[in-house]
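Structural overview
Listed below, chain by chain, are the residues.
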Amino acid sequence: DHNTAIGYGALSGNTTGARNIALGRVALDAPDEENDNIAIGYNSLAGAIAGGEFNIAIGSSTLDSLTNADNNVAIGHEAGGALTTGGENVIIGSFAVSTGVLTGAQNVVIGRLAGQDLTSANKNTIVGWSAAKEATTAAENTYIGYLAAGTGIGTSAYNVAIGNEAAEAATS
């Protein structure tokens, strides 16, 4: 009930889900019973969603690997493309969180290529072009700036790096 779908294959797998909005070719194409999702752009929120609700995906292929997670926001080409089960994440920027398989939650990632390889990372604040690009399981860190912790600190916790290339190649 109360769904809106515009585009070839948009919201095509919906059975009983309500209050969903899908705009774009195959946007939100495979939910069945999920509610309150918004997908705008080609292939956004496309895939085998089983329980993911209250998500917002804007941009081509955003959140396209999401399976079971709630309350995520992703904006930008392929933003959050690697997010599978982690909830309550905010991901803004093209290719941000796009290659690692993210199951972590409560991350804020803003910037092109920022947090690209994140996997089980939780509670990070990552802001800047390629900031924490190669971080994987890092938790409770704050990285702000161009290339901040870009190729370093992949698995560490409780770090703060602020500034242009701050901790760019640090190892712990």
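To keep things clear, this report deals only with the structure shown in the data block. These numbers come from a predicted model, not from an experiment.

Section: the sheet that holds strand β7 (residues 108-110)
Spatially, β1-β2-β3-β4-β5-β6-β7-β8-β9-β10 is the arrangement adopted by the 10 strands of the open sheet, whose pairing is parallel. At either end of the open sheet lies a strand with only one pairing partner, and these are β1 (4-6) and β10 (160-162). Across this sheet, the average inter-strand angle for adjacent strands is 5 degrees, counted without regard to direction. Both strand β2 (residues 21-23) and strand β3 (residues 38-40) contribute to a ladder of three bridges, which runs parallel. Looking at the pairing, A22 lines up with A39 of β3.

Looking at the side chain of S44
Checked against the element boundaries, S44 lands in the loop between β3 and β4 (56-58). Look past the residues within four positions of S44 in its chain and what remains in contact with it is V26, A27, L28, A39, A57, G59, S61 and T62.

Digging into the pattern of salt bridges
Counted by the stated rule, this structure contains one salt bridge. Between R19 and D36 there is a salt bridge, with the nearest N and O atoms lying 2.8 Å from each other. Of this pair, R19 sits in the loop between β1 and β2 while D36 is found in the loop between β2 and β3, placing the two residues 17 residues apart along the sequence. On the basis of relative accessibility, which here comes to 22%, the residue D36 falls in the partly exposed class.

A word on the packing of aromatic side chains
The tally for this structure, following the rule as stated, stands at one aromatic pair. Ring centres 5.3 Å apart and planes at 15 degrees place the aromatic pair W129 and Y146 in the stacked group. Residue W129 is found in the loop between β8 (125-127) and β9 (142-144), and its partner Y146 is found in the loop between β9 and β10; the two are separated by 17 residues along the sequence.

Rules used throughout
Residues numbered from 1 in each chain as written. Predicted model: local features only at pLDDT ≥ 70, side-chain atom pairs only at ≥ 80, totals over all residues. Heavy atoms only, no water. Pairing = 2+ DSSP bridges. Helix = DSSP H or I, 4+ residues; strand = E, 2+ residues; numbered from the N terminus. Axes fitted to C-alpha atoms, helices over the stretch in contact; angles between N-to-C directions. Contact = heavy atoms within 4.5 Å. Salt bridge = Lys/Arg side-chain N within 4 Å of Asp/Glu carboxyl O. Buried < 20%, exposed > 50% of the residue type's maximum accessible area, 1.4 Å probe, protein only. Phe/Tyr/Trp six-rings, centres within 6.5 Å; stacked < 30°, edge-to-face > 60°.

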